[in-house]
Structures are given as C-alpha cells and as structure tokens.
Amino acid sequence: MLELLIFLGSLLGIAAMVLLNRQLGLSEAAEIASLDEAVRRLDTDQIGFMAGPGLLADDRRAALVEEKGAGRIGLLVASGSDVVIRYLESGAVKAAKMGEGRDIHLALNDFTFAPVDIAISDTAAARHWADRLNSMQG
Amino acid sequence: MDVPAFAAGFKPIDWAIPFFVLLIVAEMIFAKRTGGARFEAKDSAASLMMGLGSTVATILYGGLIGAWLVFVYDFRLLDIPFAWWVWPIALVLDDFFYYWSHRWAHTVRWFWAEHVIHHSSQHYNLTTALRQPWTGLFTLKWLWLGSAMVLIGFHPVMVGIVGGINLIYQFWIHTEAIKKCPDWFEAVMNTPSHHRVHHGINPRYLDRNYAGIFIVWDKMFGTFQPELDDEEIRYGVVKNLGTYNPLRIAFHEWISIANDMRRAGNWRDAMMYLLAPPGWSPDGSRSTSREILERWEARRRDNAPAE
C-alpha cells in the first residue's frame, strides 16, 4: 500500500514538474529556417551527405532532401523543440497519403518515429513527393 | 558478517530524491531567467517517467539481484570489514568497475540496448540524469561485473550504498548551467563539462568520458576528451528518437536487435548484431562511432588548407 502511495505521489510530482516546465514557457517549437539549413543539418549529421533537390514544408516543421546517387531521401522533422532525422531507403516507408488539403501524411516502418504531416501548399510538389515516398514502401 | 545499524536498510538514492526535485525546479527557473539551460516539456516528461519506471523495475527485480549477491558473498576471497577506511576504498573501486561497465555499455550493442535510454534525449538538463533504463536485468552484467566487488569481499550492503552514492554524484553533472569548475576539480573529478562531452554525438565526442565520479579513469585508459570552445555539442544518439512514449523509449533497441538478428543471413552475423559495437552491420550500411569519427577526420584532412 505504501509503495502504491509513493508511486502515485511520484506521478503527481512528475506532473507538477512538467506543468511548471510548460508554465515557464521554456521550450520553443523547432523550425527549419530554410532548405539550406536542412541540407546543412543533413551534412553535419551524415558526413558527406550529397544533397539533391529538396522541399521545405510550408510550416518549416519538415523537409525532404534527395541524396545524389544514393537513392535515399533525407527526412527532417521538427519534434517539440528538436529536429529528428531519418534517411529513407527502400522499405522504410509504410505509407505516404495525400491529406484532405495538400499535406502528406507520412508513416514509416520505424516504431521510434511517430507519423508526421508534412504541409505542402503546392499540389504538384505534394503529389511528386508522395509518389517518391510511396516508391520506398516495403 | 554483521551489518552496522546505520548501513542496514540505508538507501542513499531515496534520501536524495527530494534534492533532485528541488534542483530540477531551480534549473528550470535558471533556464527561464538566463536562457542558460534548455528544456522541452515533453522530453522532460519522458525522462521523468523513465526515471520512475526504472525505480519500479528495480523494485521488481532487485530482490533477484540481491539474492545473487548474497550467494556470491559466500565465495568471497577476503573478509573486508565495515571499517571507516574501507568506505573510500570501496567508493573508488566501485567507480573503477563503473568505468568499465559504462565503457562496455557503449561498445557492446547488447549492453547498449539498456544504456541507450539514458542518451536518448536531445536535451541535457537535470531531468536527463533521471532518464534511466528499465532493463538492466537483461544485460546479465550483474551476474559478473556487478558481482566483482562482492566476490573480492565487500559486503553487498556496502556495495549497494557506494553504488548509490556514485549515481547521486552523477546527477548534478547533467547540466549546461555550470560551465567549468575549478581547474583542480576538472583535473580529477567528473564534471558537467566532461559529461556534456559524453552525451555529445559530434564525431569527436562519441564514446568519450565514461567516468562516474573520477575522470582520471578516462585519462588512464585513453578515452578522455575535454570540451572544446569551438565545438557546440549536439546531444542525443546517432539515430535520434522521434517519440516521447516511455515504452518505446525503454524497449526500442532491444526490438531493433531482435529484428536484426531475425533477418541476419547466418549465425555469425546474428551474434555480431548482438555483440559488436552499435552501428555494426554486415554490409557496412550503418556506421559505428569509430567509422563516423574516421569519416569526419578524413573530411577535415581534405578540407584543411594546403601548406
């Protein structure tokens, strides 16, 4: 019984600390400032990433960059105040669906990467990238 | 051997928890006032839940490990008393074993599967210190490395207490709020600066500074790397997580190893997926820390101005 009370008290304590964290406004949503920044991040992360054509999401919360010669796509997604990167190869994509608007809803075969909506206002570009991503389904 | 009354049932970490909470709150206020520390609410929540889960896991399997240590104690090589002068020796020796346990936790994927959890935040603040694994039982390190001091002759209670003190020491070094400590302290002790390097994924920071309390082990065994003014640290793991779900955080590397072993073409590759350094793959399509560093150094050489 005592252990259960301590456990519940700990949960309350955690909730209080997270609430304080939020109330203080300590985190700022991450943004990818430009496609150049996306390429720079990929090059830093994967030394020697040879960037080809790319796309920056309208809300600057995601970017897709082709890798020259390798057939991979560098995917950058803002997650909270951080950016998470994946290199997509054949078999990496579960589904890339066009949303009601022009967003792409992307799910990977990677359970450490939550599905993401990539905001794209250009319908043709959205269609192109959705097709490209779907070609990587496994 | 009789356990002294002050040591029986003494759990240093239980006593430290209120101070952990106070220091986290203080660091958040510091972050708000100065911008000298970074927090993300979801990341903090995940780290704190990992800490709570780790405590629950330890309660669940702690009895088994305790029983094993009592069993091993019957085969001890020496009868080491609970004398006052034994405590500092036990602390230093425990830290020595911690260094090697920690080093192998980074260089053997089986052990990394547990330890990766502690590195899986892209933030470096006091909540990161509490982002602890739940699966220590599965590494089986407690069967041998974790029993070494008991086999030498230190009482399991003493080993438990100095191990707790080691973990408490490591709490305060998980911060960006403290830049550098006095030179003499930086030379001997593990500090926020040294441990920031340990959590960095910059190529020249990977797999450095394994120390718990005393940084001298890294200097002795060639794994020391000072923090560099011109190298901003990127925290996390080489393949950062895109989830804050504690269950996924806790088990992701174990599942990844199981999948790799299942798909391996032969027994040798399957065992290498388990025992080789993280990032090993039979076709070289992934990169170990050493390979990442070699690529980085090669590029640095290529970009160096000709003399």
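What you see is a predicted model; the values in this text were computed from it and never measured.

This part is about the overall build of chain A. From N to C terminus, chain A includes 3 helices and 7 strands. Along chain A, from the amino end to the carboxyl end, the secondary structure elements read α-α-β-β-β-β-β-β-β-α. Across chain A, every contact between residues at least 6 apart in sequence was considered, and the portion connecting residues at least 24 apart equals 46%.

Our focus in this paragraph is the pairing of strand β4 (residues 82-88) of chain A. Residue and element names in this part refer to chain A. The element β4 is largely enclosed, with a buried count of 5 among its 7 residues. Looking at chain direction, strand β3 (residues 73-79) and β4 are connected through 7 bridges and run antiparallel. Bridge pairing links Leu75 to Arg86 in β4. Remark: 2 residues form the turn of the hairpin made by β3 and β4, two consecutive strands paired antiparallel; Gly80 in that turn has positive phi of roughly 60°.

Two elements in contact, helix α1 (residues 2-23) of chain A and helix α2 (residues 41-73) of chain B, have axes separated by 9 Å at closest approach and are oriented at 165°. As the angle between them shows, α1 of chain A and α2 of chain B are arranged roughly antiparallel. When the axes of α1 of chain A and α2 of chain B are compared, the crossing they make is right-handed. On the side of α1 of chain A, the interface is formed by Ser10, Ile14, Met17, Val18, Asn21 and Arg22 of chain A, while α2 of chain B contributes Ala41, Ser44, Ala45, Leu48, Met49 and Leu52 of chain B. Among the residues making up the contact of α1 of chain A with α2 of chain B, the classes are represented as 8 nonpolar, 3 polar and 1 charged.

All names here are of chain A. Within the open sheet, the 4 strands sit side by side as β1-β2-β3-β4. Their pairing is antiparallel. Whereas interior strands pair on both sides, the edge strands pair on one side only; in this sheet they are β1 (51-56) and β4. The average angle at which neighbouring strand axes cross in this sheet is 20°, direction not considered. Note that β1 and strand β2 (residues 62-67) share 4 bridges and pair antiparallel. Following the sheet pairing, Leu55 is matched in β2 by Leu64. Against the sheet, helix α2 (residues 35-45) engages β1, β2, β3 and β4, with an angle of about 130° to β1.

For the rest of this paragraph, the subject is the nonpolar core. Among the nonpolar cores identified, the biggest contains 32 residues, and Ala63, Leu76 and Ile104 of chain A are the most heavily contacted of them. With residues near it in sequence (within four places) discarded, Ile104 of chain A still touches Ala96, Met98, Ile118, Ile120, Ala126, Trp129 and Ala130 of chain A. Counting residues in hydrophobic clusters, the runner-up holds 29 residues, among them Val18 of chain A together with Ala37, Phe39 and Met50 of chain B.

At the junction of the two partners, chain B supplies 26 residues and chain A supplies 24 residues. Residue assignment for the side of chain B that touches chain A shows that the elements contributing at least two residues are α1 (12-34), α2, α13 (246-263) and α15 (289-303) of chain B. Examining the composition of the side of chain B that touches chain A, we find that 8 residues originate from one element, α2 of chain B, more than from any other. Split by residue class, the side of chain B that touches chain A holds 13 nonpolar, 6 polar and 7 charged.

What follows is about the environment of Ala46 of chain B. Take Ala46 of chain B: it is sitting in helix α2. C-alpha of Ala46 of chain B to C-alpha of Ile249 of chain B: the two residues are 203 residues apart in sequence and 8.5 Å apart in space.

Residue and element names in this part refer to chain A. With respect to topology, 3 strands assemble into an open sheet ordered β5-β6-β7, the strand pairing being antiparallel. Here the strands that pair on one side only, and so sit at the sheet edges, are β5 (93-98) and β7 (116-118). Taken pair by pair, the neighbouring strands of this sheet meet at an average axis angle of 20°, ignoring direction. Here β5 pairs with strand β6 (residues 104-108) via 5 bridges, running antiparallel. What sits directly across from Met98, in β6, is Ile104. On the sheet, helix α3 (residues 123-134) packs against β5 and β6 and is oriented at approximately 160° with respect to β5.

Moving on, we come to the confidence of the model for chain B. Here chain B averages 95 in pLDDT, while 99% of its residues score no lower than 70. The complex prediction reports pTM at 0.94, with the ipTM value standing at 0.92.

Here the phi dihedral of Arg60 of chain A falls at roughly 60°; this positive angle occurs in a residue that is not glycine. Take Arg60 of chain A: it is sitting in the loop between β1 and β2. Judged by local crowding, Arg60 of chain A falls into the partly exposed class, with 17 C-beta atoms found within 10 Å. Here the phi dihedral of Leu140 of chain B falls at roughly 65°; this positive angle occurs in a residue that is not glycine.

We now examine α3 of chain A. All names here are of chain A. Along its 12 residues, α3 runs 16 Å from first to last C-alpha, staying within 8% of the 16 Å computed at 1.5 Å per residue. Looking only at α3, the buried set comprises Ala126, Trp129, Ala130 and Leu133. Buried residues of α3, seen end-on, are gathered within an arc of 105° and therefore sit on one face of the element. Exposed and facing more than 90 degrees away from the buried side of α3 are Ala124 and Asp131. Where the residues of α3 are buried, they touch β1, β2, β5 and β6.

Rules behind the numbers
Residues numbered from 1 in each chain as written. Chains lettered and ligands numbered in written order. Predicted model: local features only at pLDDT ≥ 70, side-chain atom pairs only at ≥ 80, totals over all residues. Helix = DSSP H or I, 4+ residues; strand = E, 2+ residues; numbered from the N terminus. Contact = placed C-beta atoms within 7 Å. Buried ≥ 20, exposed ≤ 12 C-beta atoms within 10 Å, placed from the backbone. Pairing = 2+ DSSP bridges. Axes fitted to C-alpha atoms, helices over the stretch in contact; angles between N-to-C directions. Parallel < 35°, antiparallel > 145°, perpendicular 65-115°, else oblique. Left-handed = near helix turned anticlockwise from the far one by under 90°. Nonpolar A, V, L, I, M, F, W, Y, C, P; charged D, E, K, R; others polar. Core = buried A, V, L, I, M, F, W, Y, C linked by C-beta atoms within 7 Å. pLDDT = per-residue confidence, 0-100. Expected span 1.5 Å × (residues − 1). Arc of directions from axis to C-beta.

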